[in-house]
Amino acid sequence: MPLEPGTIEVPITTATSLIPLSTPVTVTAAVAAAAAAAAASAPPHNTRERKLRSAVWNDFSKQRRSDGTCVAICNHCQKQLTASSRSGTTHLRNHLAICLSTKPRPGPGRRKKLVVRRLLVPAHSRKHGANMVVATDGDDTIACAADSTPVVPFDQDASQQDLARMIVRHGYRFSMVDDVGFRTFVHNLQPQFKMAPYDAVKADCMRIYDNTKLKLQGSLRKLPSRVSLSVDTWRSSTGMEYICLTCHFIEQPVGCTEWKLRKKILNFIHVESGLNPELTSKRILEKIHEWGLHKKLTSIVLDNCTSGDLVGQEIIRILNLKGLLLLKGELFLVRSCAHVLNLTVQESLEQAVEMTSRVRACIQYVKFSQERFARFQKYAKQSGLAQKPLILDSPNNWTTTYSMFDSACHYQDVFGRLAEWDPEFPGLLNPKDWADVKALTDILDVLYHTMEKFPATENPTANLCFNELCGIHYLLKTWCTSPSPVVAAVASQMLLKLETYWDLTKTLMAITSILDPRYKMKSIEYFFKQMYSTDTFEAKSRTDEIRKTFINLYNEYAVQSAGSSKNPAVLCYAGNSGLGGSSGTGLGTNYNNQLEESKTFSRITLSDARRGLDQYIQESSTGQSLKTDLDMYLEEPVYRTKEEGAEFDVLGWWRSFSAKYPVLSCMARDMLAIPISIVPLDGDARLLNEYLSTMDSSTVQGLICAQDWLRDESDVVDGVHGTAASVPSTNADDSPVNAQALDYSASPN
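Quick caveat, the model's predicted, so the values are computed rather than measured. Residues take numbers from 1 onward in each chain, read along the sequence in its written order. The predicted origin of the model limits local features to residues at a pLDDT of at least 70 and limits the giving and counting of side-chain atom pairs to 80 or more, whereas totals for whole chains, interfaces and linings rest on all residues. Excluded from the side-chain calculation are hydrogens and water; included are all heavy atoms of the structure.

Peer 1: Explanation requested: the pairing of strand S9 (residues 241-251) in the structure shown.
Peer 2: Consecutive residues of a regular strand have side chains that alternate between opposite faces of the sheet. Partly exposed describes any residue whose relative accessible area lies between the buried limit of under 20% and the exposed limit of over 50%, with all areas from a 1.4 Å probe on protein chains only and scaled to the type maximum. Secondary structure elements follow DSSP: runs of H or I no shorter than four residues count as helices, runs of E no shorter than two count as strands, and numbering proceeds from the N terminus. Most of S9 sits inside the fold, with nine of its 11 residues counted as buried. Strands qualify as paired when DSSP identifies two bridges or more between them. Note that strand S8 (residues 227-235) and S9 share eight bridges and pair antiparallel. Note that in S9 the partner of Asp232 across the bridge is Cys244. Pairing of S9 with strand S10 (residues 260-271) involves 11 bridges; the strand directions are antiparallel. From the neighbouring strand, Tyr242 faces S10, where its bridge partner is His270.

Peer 1: Would you explain the pattern of salt bridges in this entry?
Peer 2: Oppositely charged side chains may form a pair once their charged atoms are brought near each other. Put simply, a salt bridge is a Lys or Arg side-chain nitrogen that is within 4 Å of an Asp or Glu carboxyl oxygen. Using the criterion set out here, one finds 26 salt bridges in the structure. For Asp406, the salt bridge identified is with Lys388, shortest N-O distance 2.6 Å. Note that Asp406 is positioned in helix H11 (residues 398-410) and Lys388 in the loop between helix H10 (370-382) and H11, a separation of 18 residues in sequence. Given the relative accessible area of 29%, Lys388 is considered partly exposed. Ionic pairing is found between Lys453 and Glu468, a salt bridge with its closest N-O pair at 3.1 Å. With a gap of 15 residues between them, Lys453 in helix H13 (residues 431-456) and Glu468 in helix H14 (residues 465-479) connect regions that are remote in the sequence. The class of Lys453 is partly exposed, set by a relative accessible area of 42%. Three or more residues are tied together by salt bridges with common partners; here these are Glu525, Lys540, Asp544 and Arg547.

Peer 1: Can you walk me through the environment of Ile443 in this structure?
Peer 2: Along the chain, Ile443 falls in helix H13. Judged by relative accessible area, which is 1%, Ile443 ranks as buried. When the C-alpha atoms of Ile443 and Val487 are compared, they prove to be 8.9 Å apart, with 44 residues separating the residues in sequence. Ignoring anything within four residues of it in the chain, the contact list for Ile443 reads Trp479, Val487 and Met494. Throughout, a contact is declared for two residues whenever any of their heavy atoms are within 4.5 Å.

Peer 1: Any chance you could explain the side chain of Thr344 here in plain terms?
Peer 2: Mapped onto the secondary structure, Thr344 falls in helix H8 (residues 337-348). The class of Thr344 is buried, set by a relative accessible area of 3%. In this structure the side chain of Thr344 is engaged in a polar contact, spanning 2.7 Å, whose partner is the backbone oxygen of Val340. Not counting residues within four places of it along the chain, the set of residues in contact with Thr344 comprises Met494, Lys497, Leu498 and Tyr501. Polar contacts, as counted here, are pairs of nitrogen or oxygen atoms within 3.5 Å of one another; within protein the pair requires one atom able to donate a hydrogen and one able to accept it, and residues that are adjacent in sequence qualify only if both atoms are side-chain atoms.

Peer 1: What is the right way to look at helix H9 (residues 353-366) in this model?
Peer 2: Given 3.6 residues to a turn, an α-helix orients residues that are three or four positions apart in the same direction. A helix is expected to span 1.5 Å for every residue after the first. Compared with the 20 Å implied by 1.5 Å per residue over 14 residues, the 20 Å span of H9 between its first and last C-alpha is a close match. Regarding H9, the residues found buried are Met355, Thr356, Val359, Arg360, Cys362, Ile363, Tyr365 and Val366.

Peer 1: So what exactly am I meant to see when it comes to the nonpolar core here?
Peer 2: Inside soluble globular proteins, nonpolar side chains tend to come together where they are buried. Each nonpolar core is a collection of buried residues, namely Ala, Val, Leu, Ile, Met, Phe, Trp, Tyr and Cys, held together in the definition by side-chain atoms within 4.5 Å. Counting 99 residues, the largest nonpolar core has Phe415, Trp654, Leu664 and Met671 as the members making the most contacts within it. Setting aside anything within four residues of it in sequence, one finds Leu664 in contact with Leu515, Phe550, Tyr554, Asp629, Leu630, Tyr633 and Trp654. The next biggest cluster of nonpolar side chains, apart from the first, holds 65 residues, and it includes Cys244, Leu297, Met695 and Trp709.

Peer 1: What's the story with the confidence of the model for the chain in this structure? I'm lost.
Peer 2: Caution is warranted with low-pLDDT regions, since their predicted coordinates should not be read in detail. A residue's pLDDT is simply how confident the predictor is in it, with values from 0 to 100. For the chain, mean pLDDT is 79; residues scoring 70 or higher make up 72% of the total. Counting contacts from residues 1-36, a segment whose pLDDT is below 50, to residues more than four positions away or on other chains yields 78 contacts.

Peer 1: I'm lost on the packing of aromatic side chains in this one. Help?
Peer 2: Each aromatic ring pair is specified by the distance between its two centres and by the angle formed by the two planes. Aromatic pairs are defined between Phe, Tyr and Trp rings, using the six-membered ring for Trp, whenever the two ring centres lie within 6.5 Å; interplanar angles under 30 degrees are classed as stacked, those over 60 as edge-to-face, and all others as tilted. As enumerated under the stated definition, the model contains 26 aromatic pairs in all. Here the aromatic rings of Phe376 and Phe415 are separated by 5.1 Å at their centres, their planes lie at 55°, and the arrangement is tilted. Residue Phe376 is found in helix H10, and its partner Phe415 is found in helix H12 (residues 412-421); the two are separated by 39 residues along the sequence. Taken as a pair, Phe376 and Phe415 share a single burial class, namely buried. Ring plane angle 85° and centroid distance 5.0 Å describe the contact between Trp653 and Trp654, whose orientation is recorded as edge-to-face. Residues Trp653 and Trp654 agree in their burial class; the two are buried. Taken together, the ring pairs in this structure connect Tyr365, Phe376, Tyr411, Phe415, Phe425 and Trp434 into an aromatic cluster. Geometrically, a lysine NZ or arginine CZ counts as sitting over a ring once it is within 6 Å of the ring centre and also within 35 degrees of the ring normal. When the ring centre of Trp502 is taken as reference, the NZ or CZ atom of Lys506 above it lies at 4.7 Å. Directly above the ring of Trp259 sits Arg669, whose terminal nitrogen or CZ lies 5.2 Å from the centroid.

Peer 1: Help me understand the packing of H10 against H12 in this model?
Peer 2: Here the axes come from fitting lines to C-alpha atoms, over the contacting stretch only for helices, and the angles between their N-to-C directions go from 0 to 180 degrees. Close contact between H10 and H12 brings their axes to 9 Å; oriented N to C, the two are set at 120°. When the axis of H10 is compared with that of H12, the two are oblique. Considering the relative orientation of H10 and H12, their crossing is right-handed. Between H10 and H12, the contacting residues are Arg375, Phe376, Tyr379, Ala380 and Gln382 on the first element and Val414, Phe415, Arg417, Leu418 and Trp421 on the second. Counted by class, the contact of H10 with H12 contains seven nonpolar, one polar and two charged residues. Just so you know how the angles are binned, under 35 degrees is roughly parallel, over 145 roughly antiparallel, 65 to 115 roughly perpendicular, and the rest oblique. Less than a right angle of anticlockwise turn of the near helix away from the far helix marks a crossing as left-handed, whereas a clockwise turn marks it as right-handed. Residues were grouped as follows: Ala, Val, Leu, Ile, Met, Phe, Trp, Tyr, Cys and Pro as nonpolar; Asp, Glu, Lys and Arg as charged; and all remaining residues, including Gly, as polar.

As structure tokens, then:
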């Protein structure tokens, strides 16, 4: 008879001390004979001892030793266990489950087996607080006492899939299925589970990748919004190079009323070392077409891609041939805010290389020996300073240089005392030098904490960057007038580098700032006046240029919206427009001309005729102009939060007002998803661990992608929500630069 799910087999020994079921039970002759034989061979019972009521004694014999202690002897394996009155019977039942999992004895004389399943009995029907275990032998049923833990039906295939998902989600080794400790652990939890071999588990994990990829591909094809991409170069410990292609978008999950900022790793592909920009762009475009995203791209970030600017220009050239980019690719290639700051600071600190070397030498002297460091700590304690790590920097990482400066300034007085009491200590810094170090620390502190804000934000949308960089630009102009030659030189170099690297992304950042209802055009007007305070014409010219680009981008979205089946454009009449006194956004006759050019004569519909009427009313009405949702948005006052400095959910705002601003909300949904607020990984973080470095490239891609795709899953086990380990990386350490490292990264998390 096949076993039912969630059942185990136990041998029949005796039918005594059973709790009867509510219905009559019959037992076969074979079962009765086995029970009688077991009863005949049982040792004599002491009538003075308490009656053994538990059904577990059907499989154990209780004997008293010469020293007065009692033992329970298993009738099947003869193992002896304690049987004192205080020990209970739980340990006997646990042994029985293990004992009965062994193979049956060969030959015709092997023990009879029963199918056992646990039955949870209502509280009012229990005897002595126990539940029942129901055993069946063919058509016969026997009941015995059991604990109150319900049993979930066992499914071998489902459990094997759970094992594979666990390995993928948490980055475990395939070979863990061969570990003795793990196999023992699983066997004790569920003796019926048959552990799959290494190759089968690997195949299950790759099957998860294939199936999940199909689902994600379908979801992205149905996504109503555009997507943005980011590309990072990774390498293995064996020298192999990989390209990580990540997709960024905003979606409204099924059954949810909110917009969510998402990112998914699409591919983790192996590329040849030293691949030229043309071939690199070709590989990226192949994957974009494979996912069906070539017609819905907004932008791409290539900060961590070798020859990123050249790769980006080649991609723009190819996509523009088919007219697939917004504004002919003007906003397609962008840099993240953190990358702009990294380049700005790292290259500018060369102006203070001598001072940095002297600070580094002081700390190296203190940390050279344990004796010197102990003496330094003693002086620090005597000075009443709070304990703080004394940090040495990594020359290629400016954030560690900032930490070194900060710790050195904290212990300035201690370094001074050390110079007085230790004749060997090289007094490399005088009071003026310390003042310069503190000034540089203040500059780096502003930049460091600006970068810290992005990973700490739940939804790092693109609107966060413009005001931050404008503020930094203003401060750098102030620091350029510092009386300290070193500080002035560093600030001047930073200002020059910032203007150079920011230029590629400034327009896009300004557009996303306009899409923040708290600022609209106000932040651009204010900061440009500050940045170009000596040239009013330049400030106005740059402001008008941003406005023009914004309107042109809106026009493209309006044409696409009008050409769609839903046609959600909202138009109304008003006396004036809000775009700098101009008459509307230029969407009157020009808007309809663009629409008509996109249609053939045979596709003209009744709605087109009605649109002509609307245009006629607009042109023939005096003192009135056609107002778009963009006009309304810019004319209305900025949104004021209830509390100063309170967090603002820009995605929630646009979701709530999407009906009022139908075209503009589609534009905001695409622009705010551009990953210019992400914090790029440094080179050390983009190194695969030893485990993945030894695998073939297809397995590497399958594991990394599948792990990322399973992150949004949430399982409930014993009331606890189990979620995947945080990845790409997403284990964050104390440094904002390493805020998103893959679980498979070799860097410590």
